[in-house]
Amino acid sequence: MDSNVNATRAFVKDVKRVIVKVGTAVVTRADGRLALGRLGALCEQIHELNSQGYEVILVTSGAVGVGRQRLKYRRLVNSSFADLQKLQNELDGKACAAVGQNGLMALYDSLFTQLDVTSAQLLVTDNDFRDPDFRRQLNEAVNSLLALKVVPVFNENDAVSTRRAPYEDSSGIFWDNDSLAALLALELKADLLVLLSDVEGLYSGPPSNPQSMLIHTYIKEKHEGLITFGDKSRVGRGGMTAKVKAAVYAAHAGIPVVITSGFATGNIIKVLQGQHIGTLFHRDAKQWAPSGDNDAREMAVAARECSRRLQVLSSDERSKILFDIADALEANEKQIIRENEADVSAAEKAGYEKSLISRLALKPGKISSLANSIRVLAKMEEPVGRVLKRTELAERFILDKTSSPLGVLLIIFESRPDALVQIASLAIRSGNGLLLKGGKEARRSNDILHKVITSSIPERVGEKLIGLVTSREEIPELLKLDDVIDLVIPRGSNKLVSQIKASTKIPVLGHADGICHVYVDKSAKLDMAKQIVLDAKTDYPAACNAMETLLVHKDLVKNGTLNELIVELQIKGVTVYGGPRASSLLNIPEANSFHHEYSSLACTVGIVDDVHSAIDHIHRHGSAHTDSIITEDSEVADIFLKQVDSAAVFHNASTRFSDGFRFGLGAEVGISTSRIHARGPVGVEGLLTTRWIARGTGQVVNGDKDIIYTHKDLPVRS
């Protein structure tokens, strides 16, 4: 991506005149009212650019939406009760535009005035641009306004426009405010066009689809046939299709275009600072675009080469790297927390789910806890090169089975920046190279953590031991490299894991779901059951080892124990749903499915006849992650522990103990529900394979005629 970043920085150096187009989805909230906070932030950016000497022209949508809100209110105020019972006709769009334009400009004028900036309104129609005199007068008026530091605010005059839906036709000069912005960029000789959207940029598919990837630099020859557009704008006329058409048109004419989010703070300024955010359209983009395959391969090959140098180091030398990383994390704690808080703030503003924000936040004491975990790893017994089995094949011919690093790991994880630290430390302890791809919501946190960790790796190993993948565009290329990358570990949603498994020949280790059960048997102690159930659900609801389904023996319904458990959960803020049996008996909402991971303060309750029914339920609806039984009957406990086919099975303990650190592994790279290689919390041992090392004295096979096999087991020296 470096060539793209450099190209961005190169063209912004010469930018003086900027056109900013803001869409209806940015100007208004989901309920149709004006988004005052976003508009205020937009005006502040324009004020800052104005003071820096940029000439800023604004093209705005939103008048129809504002007018519709006002006219709906007026109609409501002036309607009788009888009128309201009648089917209401849709409001006339031109009337909405006429009423809304007045309010929209009044707001811009008010916001700009508070910043000591003067704005001017310019309304245009499609037919205006057919007149050469109009175009000449337009240029003169805009140049005059810009010379006076006035911000021209353009909008299509929908109130008197002669065009009708579907608007776009072969004779049109522009069809919406996106194409108007592109046309103005050419007419007014702008140096840059910024199209603000409600998403971060152009994706390969609908942004809501986890398989869609953000396209950082649009290359017409590469991307035109690959993109699948989602629905058009929820409020405006265009949507992303219109933005891309406008961007391609302007870029072809020599004007760089960036599509980026109008929801994020300061994106216009970031673009002009040379930061490569959003999607860039440029006439020369094809020349800059690196070969994604080569970049991905180079990163993976570099990680492998560095890992081989790491493996040559002594155990003490590799331990010292981990001690240095732990010290560096604590020394840079303030900076790490500052970047993490910025990520959390951005996620909250973007409206991410609370469960994701909870996983994203580095809570107080987390850095110290991570540093201590790394020190535990550094002090552990040397995992690499251990002799696991020693055999005398023949006299003076010894064969050792030894532990060995896997090679290069690709870890794709969401939300949790602390996962980056755990994974990196485990990779170093086990002698593996590493490629990391974190979620976009944790970009700042991952960047600073990666920088702190790699700066502690000595030059003789190389900081490219741990590569940080910054673009989702690189993942498909990395997943093709089955000759260089040895294992993929996805940590995230079911969709993410399923997508990865379907997209690569590289072995994949991980779990898709964390649907954990706690079964309360009829012999359970009530106080113990309450304690375990509450901990399993509420200690950290977003974790994959949190309880999602509470199963109870049918006798506990009759004696009131189940009611007490539900009340305790509800007191802690847990929303309780029931299976078909429980919902009717307890009068609680019915769950849509037993196979559901809430990752929040919610759970499903199921009623079963006995331990065998509980086991059948877990096998039918569970995810083979972690399941627990609470019982005082040792025979029932043994049945559960032997027959539940999950990676971790507990008796009288919370599912939250299913964790690498709590298992004494020091840290974990993830939890695996696979039935080969590694299962459950995966620590250092799960990142190792084996090698056979033979030491002979000249032996040859020769049809097995000249050798006498002894196949004697020998003691393994400690």
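Residues numbered from 1 in each chain as written. Predicted model: local features only at pLDDT ≥ 70, side-chain atom pairs only at ≥ 80, totals over all residues. Heavy atoms only, no water.

S.K.: When you look at unusual backbone geometry in this model, what are you seeing that I'm missing?
M.R.: Note on backbone geometry: most residues besides glycine have negative phi, and most peptide bonds are trans. Positive phi outside glycine occurs at Lys149, with the angle close to 65 degrees. Structurally, the position occupied by Lys149 is in the loop between helix 7 (132-147) and strand 4 (151-156). Positive phi values are uncommon outside glycine, yet Asp704 reaches one of about 60 degrees. Tracing the chain through its elements places Asp704 in the loop between strand 23 (688-695) and strand 24 (709-714). On the accessibility criterion, Asp704 (42% relative accessible area) is partly exposed. (Helix = DSSP H or I, 4+ residues; strand = E, 2+ residues; numbered from the N terminus. Buried < 20%, exposed > 50% of the residue type's maximum accessible area, 1.4 Å probe, protein only.)

S.K.: Hey, could you run me through the sheet that holds strand 19 (residues 626-630) in this one?
M.R.: Neighbouring strands of a sheet are bound in pairs by backbone hydrogen bonds; such pairs are parallel or else antiparallel. Within the open sheet, the six strands sit side by side as 17-18-16-15-19-20. Their pairing is parallel. Both outer strands of the open sheet, strand 17 (575-578) and strand 20 (648-651), are each paired with one neighbouring strand and no more. Direction aside, neighbouring strands of the sheet carry axes that sit 20 degrees apart on average. Both strand 15 (residues 516-520) and strand 16 (residues 547-553) contribute to a ladder of five bridges, which runs parallel. Residue pairing for strand 16: Val520 is matched across the bridge by Val552. (Pairing = 2+ DSSP bridges. Axes fitted to C-alpha atoms, helices over the stretch in contact; angles between N-to-C directions.)

S.K.: Just checking my understanding: could you explain the sheet that holds strand 14 (residues 487-491) for this structure?
M.R.: On the basis of which strands lie adjacent, the open sheet formed by four strands has the order 13-12-11-14 and parallel pairing. In this open sheet, the two strands that pair with only one neighbour each are strand 13 (466-468) and strand 14. Averaged over all pairs of adjacent strands, the angle between their axes in this sheet comes to 15 degrees, without regard to strand direction. Along the sheet face, helix 18 (residues 417-430) touches strand 11 (408-413), strand 12 (433-437), strand 13 and strand 14 and points at about 170 degrees away from the line of strand 12. Helix 19 (residues 443-454) contacts strand 11 and strand 13 of the sheet and is inclined by roughly 160 degrees relative to strand 13. (Contact = heavy atoms within 4.5 Å.)

S.K.: For this particular structure, what's the right way to read the packing of helix 18 against helix 19?
M.R.: Relative orientation and spacing of two packed helices are given, respectively, by the angle between their axes and the distance between those axes. Where helix 18 meets helix 19, the axes come as close as 9 Å, and the angle between the chain directions of the two elements is 25 degrees. One element, helix 18, and the other, helix 19, form an angle in the roughly parallel class. The chirality of how helix 18 crosses helix 19 is right-handed. On helix 19, the residues that touch Pro417, Leu420, Val421 and Ala424 of helix 18 are Ser445, Asn446, Leu449, His450 and Ile453. (Parallel < 35°, antiparallel > 145°, perpendicular 65-115°, else oblique. Left-handed = near helix turned anticlockwise from the far one by under 90°.)

S.K.: Could you clarify how one ought to interpret the packing of helix 17 (residues 366-379) against helix 18 in this entry?
M.R.: The N-to-C vectors of helix 17 and helix 18 enclose an angle of 15 degrees; their axes lie 10 Å apart at closest approach. Overall, the two elements helix 17 and helix 18 adopt an arrangement that is roughly parallel. For the element pair helix 17 and helix 18, the recorded crossing hand is right-handed. The residues of helix 18 that touch helix 17, namely those facing Lys366, Leu370, Ile374, Leu377 and Ala378, are Asp418, Val421, Gln422, Ser425, Leu426 and Arg429. Split by residue class, the contact of helix 17 with helix 18 holds six nonpolar, two polar and three charged. (Nonpolar A, V, L, I, M, F, W, Y, C, P; charged D, E, K, R; others polar.)

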